[in-house]
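# Structural characterization, general
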Amino acid sequence: MPHTTSHTRARAIALPAPVAIPVQALLPWAVFGLVLSVVLLYFVGAEQGAISLISGQEVHEFVHDGRHLLGFPCH
């Protein structure tokens, strides 16, 4: 019984080069993300507490579980 072997050849696959993103293009998105994060943190952590921009309990009840999850006291 003859012994047969199969030979495979490895082919080089050209990977795409990473694209450099200039800081000027990234900065507005970073500022937007920071402002959005601060606004969300305010509504979860402080709204309907000592400082309130919106009257009523709707915002407090909407973020109530998130407030407890992040460790903010609310009652």
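Residues numbered from 1 in each chain as written. Predicted model: local features only at pLDDT ≥ 70, side-chain atom pairs only at ≥ 80, totals over all residues. Heavy atoms only, no water.

### Quick word on the confidence of the model for the protein chain
Overall, the prediction assigns the protein chain a mean pLDDT of 79, with 80% of residues at 70 or greater. Across the protein chain, the secondary-structure element scoring lowest on mean pLDDT is helix 2 (residues 58-62), at 77, and the one scoring highest is helix 1 (residues 23-45), at 90. (pLDDT = per-residue confidence, 0-100. Helix = DSSP H or I, 4+ residues; strand = E, 2+ residues; numbered from the N terminus.)

### Focus on the UniProt feature "transmembrane region" (unreviewed entry) in the protein chain
UniProt's entry tags residues 26-45 with the feature "transmembrane region" (unreviewed entry), counted in the numbering of this structure. Structurally, residues 26-45 comprises 100% helix and 0% strand, and the distance from its first C-alpha atom to its last is 28 Å. (UniProt positions renumbered as here; feature names shortened; annotations may be inferred.)

### With respect to the environment of G66
Along the chain, the position of G66 falls in helix 3 (residues 64-69). When the C-alpha atoms of G66 and V44 are compared, they prove to be 6.7 Å apart, with 22 residues separating the residues in sequence.

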